[in-house]
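# Tertiary structure, described
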Amino acid sequence: MSRRVVVTGLGLTSPVGNEIDTFWSSLCSGKSGIGPVTLFDTTEYPCKIAGEVKDIDFSQYVDAKEVKRTDRAILLAIIAAKKALDDSALDMSSLDMERCGTIIGSGIGGLSTLETEHSKLVQRGPNRVSPFLIPMMIPDMSAGMVSISSGFKGPNYAVVSACASGAHSIGDAFMMIKCGLVDLVMAGGTEAVVTPLSFAGFCSMKALSTRNENPTKASSPFDIKRDGFVMGEGSGIIILESLEHALARKAKIYAEMLGYGASGDAYHLSAPAPEGAGAQVAIRMALSSANLKPSQIDYINAHGTSTPLNDKLESNAIRKVFGEAADSVAISSTKSMTGHLLGASGAIEFIASVLAIKNETIPPTINYEDPDPECDLNYTPNVAVKKKIRYALSNSFGFGGHNACLALGKYESPEAGN
C-alpha cells in the first residue's frame, strides 16, 4: 500500500508570532524575533540574545496548577498542537483514535525543569526534588502529553536527533501514513532551552553569535559576517493525514508531502561532513522518494544556521546535488528571523515551506548584506519574492551527523490526474 499524504492543519508558538497568520506576515515582512534574553540573567555570558516566545498565557490553554509543574517545552507543544487541531477542523468524535498518531521531537527536552530541580537538590537536599522531575524532563513527554490531551492512541513517541528532530518526526509520520499503518498523525517538534545551562554549554562551544549590540541583525545566514547561531524557542505541529481520509471529511488541504530523506554523516559529533556529503545524501533521497528532479524544485527552506561552517557546506551540498539548477532555485533561511529553534526548527520551517507554496511567496533571508564567496546561491536577500511554487524542500541537520530533508508540493486533486 502506498497512499498520498497531505497537510491539513498547522499550529505553532514562535519568536515571530503564535498564530499562523502572524508568523507568516512576520516572515514576509522580514521581521526579526530576536532580542535581549529576558528568561534569565545573562550578565556573565558572552551571548545575551535569543528568540523568545512572547505574549502567551499558558493558563489559557492548560489548567493553572498543571502549568506550574509542566516544563516550558511541553507547554509550547500542547498549545501548538491545540492550534493545529483547531486549524484542521477535525471532528474528534468521528476519528478512529487507534489510527491517529503523535510524533513530536525535541533535541534536548525539559532542560529548564532539570536545572530548577538540580538547584533544589544542591541547595535544599533530595527530599525537595519534585516528583515531576523525571516525567517533565524526558524528551518524549511532549508527545505523551499531547497524546493524552487529544486522545490519540496510535503510535506515540519522540524523535531525538538534535536539530533534525522536528524534521525526522514529520518524515516518520509521512512514512507511517504512506504505508497504511495510520490515517493521521500530529507531528513536529518543540524546544525551550533559553536557559543558563544551555547557554553556558553553547557559549563554551563558541556556537552562539555574540553580536549583542544589535540583536535583530545577529542572525545572518550566508552573510560573510556571520559568527554563530542565535538561540530560539517554540514549537511547530503539523496535521498530516492520508488523502483518502482528508477527502472523506472534506478537509482543507494546504499542500502535499511527497518525499523524505535521512542520512548520517558518520564523521564528527558537531561539525558537518566535508563538502556537506551527508546533506547531499538526504537531499538526493528526498528527491528520489518524491520522484522529483532537482530542476523541478522552486524553493528550498535551508537549514541556514548563520554559523560559518554549516552555511558553507549546505550551499556546497545544494550545488553538488542540483548542478546547473542550483543557480535558479530560490533559497532562504527563516532562521534569520526566528533564530534556531533546535529540535523544533524543522517543524516551523516545514510550516514556512507549506505557507510559501500556499501563498506563492518566498520568505527572505534577512541581514544578507555582504555575500560570502563560498556561499554563492540565490538566498532571497532581505525582501520576500512572489513566485509560483509547485515543489519545495526543507533541510534540517543536527549535531551527531543527523540529516533530514522533506519534500512537499502544491496539492493537485485526484481529478487533476496526479
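Description of the structure in this document.

### Comments concerning the overall build of the protein
Each helix and strand counted, the protein has 13 helices and 14 strands in total. In terms of overall size, the protein behaves like a compact globule, its C-alpha atoms giving a radius of gyration of 20 Å where 418 residues would be expected to give roughly 22 Å. Taking the principal axes of its C-alpha atoms as reference, the protein extends roughly 65 × 55 × 40 Å. Scored against the burial criterion, the 418 residues of the protein give a buried share of 60%. Summarising the internal contacts of the protein: among those between residues at least 6 apart in sequence, 79% fall at separations of at least 24. When the accessible surface of the protein is totalled, it reaches about 16100 Å², and 54% of it is carbon and sulfur. Of the charged side chains in the protein, 37 are positive and 44 negative; the average position of the first set lies 2 Å away from that of the second.

### Looking at the environment of D140
Here D140 is to be found in the loop between α5 (133-137) and α6 (141-150). D140 sits 20 residues away from V160 along the chain, and the two C-alpha atoms are 8.5 Å apart.

### Side note on the nonpolar core
Grouped together as the largest cluster of nonpolar side chains are 48 residues, with contacts concentrated most on L10, F23, I170, I238, L240 and F350. Among the secondary structure elements, those contributing two or more residues to this core are β1 (5-13), α1 (20-29), α7 (165-178), β6 (184-191), β7 (234-242), β8 (255-264), α13 (345-359) and β14 (402-409). Looking at this core element by element, the count peaks at 9 residues for α13.

### Quick look at helix α11 (residues 308-322)
For α11, with 15 residues, the first-to-last C-alpha span of 22 Å sits near the 21 Å given by 1.5 Å per residue. Looking at the buried residues of α11, the elements they touch are α10 (277-290), β9 (299-301), β10 (330-332) and β13 (391-398). Where α11 terminates, the next one or two residues include G323, which has phi positive at roughly 60 degrees.

### Here we look at the environment of M231
Its location among the elements puts M231 in the loop between α8 (196-204) and β7. Along the primary structure M231 and H340 are separated by 109 residues, whereas in three dimensions their C-alpha atoms are 5.1 Å apart. With residues up to four places along the chain from it excluded, the contact list for M231 reads A50, G51, V193, V194, S198, F199, F202, L208, H340 and L342.

### Points about the sheet that holds β9
Spatial ordering of the open sheet is given by β5-β4-β6-β7-β1-β8-β14-β13-β9-β10, a layout of 10 strands whose pairing is mixed. Either end of the sheet is taken by a strand with one partner, and the two such strands are β5 (156-157) and β10. Both β9 and β13 contribute to a ladder of 3 bridges, which runs parallel. Paired with N301 across the bridge in β13 is S394. Against the sheet, α7 touches β1, β4 (100-105), β5, β6, β7, β8, β13 and β14, its axis set at about 120 degrees to β8.

### Concerning the packing of aromatic side chains
Tallying each qualifying case throughout the model produces 6 aromatic pairs. With 5.3 Å between their ring centres and 80 degrees between their planes, F40 and F199 make a pair best called edge-to-face. Taken together, the residues F40 in the loop between β2 (35-36) and β3 (49-50) and F199 in helix α8 connect sequence positions 159 residues apart. This pair shows no difference in class: F40 is buried, exactly as F199 is. Centre to centre, the rings of Y368 and Y379 are 5.7 Å apart; their planes meet at 55 degrees, and the pair counts as tilted.

### Brief notes about the state of the cysteines
Under the definition given, this model contains 0 disulfides. Free of any disulfide, C100 has its nearest cysteine sulfur in C179, 15 Å distant. With a relative accessible area of 2%, C100 lands in the buried category.

### A look at the pairing of β4
Each regular strand shows side chains that alternate between the opposite faces of the sheet. Among the 6 residues in β4, 6 count as buried, and that is most of the element. Burial along β4 is two-sided: the face carrying C100, T102 and I104 and the face carrying G101, I103 and G105 are both buried. As judged from the 6 bridges shared by β4 and β6, these two strands associate in the parallel manner. Bridging from a neighbouring strand, I103 pairs with A187 of β6.

### Focus on the pairing of β13
For β13, a buried count of 8 out of 8 residues is recorded, marking the element as mostly surrounded by other parts of the structure. Neither face of β13 is left uncovered, since the one carrying Y391, L393, N395 and F397 and the one carrying A392, S394, S396 and G398 both have all their residues buried. Strand direction decides the pairing type here: β13 and β14, joined by 8 bridges, are antiparallel. Residue pairing across strands places S394 opposite L406, the latter belonging to β14. Between β13 and β14, which pair antiparallel one after the other, the connecting turn spans 3 residues, and G400 there sits at a positive phi close to 95 degrees.

### A few points about unusual backbone geometry
Its identity as a non-glycine residue notwithstanding, K250 has a phi of 55 degrees, on the positive side. Mapped onto the fold, K250 is located in the loop between α9 (243-248) and β8.

### A look at the side chain of E191
Along the chain, E191 falls in strand β6. Buried and unpaired, E191 has R72 as its nearest opposite-charge partner, separated by 11 Å. Polar contacts involving the side chain of E191 include one to the main-chain amide nitrogen of G107, which spans 2.8 Å. At a separation of 3.4 Å, a polar atom in the side chain of E191 contacts the main-chain amide nitrogen of G109. Sequence-distant contacts of E191, that is, excluding residues within four places in its chain, are made with A73, L76, S106, G107, I108, G109, E233, G234, L341, L342, G343 and A344.

So, how was this worked out
- Residues numbered from 1 in each chain as written.
- Predicted model: local features only at pLDDT ≥ 70, side-chain atom pairs only at ≥ 80, totals over all residues.
- Heavy atoms only, no water.
- Helix = DSSP H or I, 4+ residues; strand = E, 2+ residues; numbered from the N terminus.
- Rg over C-alpha atoms; globule rule 2.2 N^0.38 Å.
- Buried < 20%, exposed > 50% of the residue type's maximum accessible area, 1.4 Å probe, protein only.
- Contact = heavy atoms within 4.5 Å.
- Areas by Shrake-Rupley, 256 points an atom, 1.4 Å probe, with all protein chains shown as cover.
- Lys, Arg positive; Asp, Glu negative; His and termini not counted.
- Charge placed at Lys NZ, Arg CZ, Asp CG, Glu CD.
- Core = buried A, V, L, I, M, F, W, Y, C linked by side-chain atoms within 4.5 Å.
- Expected span 1.5 Å × (residues − 1).
- Pairing = 2+ DSSP bridges.
- Axes fitted to C-alpha atoms, helices over the stretch in contact; angles between N-to-C directions.
- Phe/Tyr/Trp six-rings, centres within 6.5 Å; stacked < 30°, edge-to-face > 60°.
- Disulfide = S-S within 2.5 Å.
- Salt bridge = Lys/Arg side-chain N within 4 Å of Asp/Glu carboxyl O.
- Polar contact = N/O pair within 3.5 Å; in protein donor to acceptor, adjacent residues only side chain to side chain.

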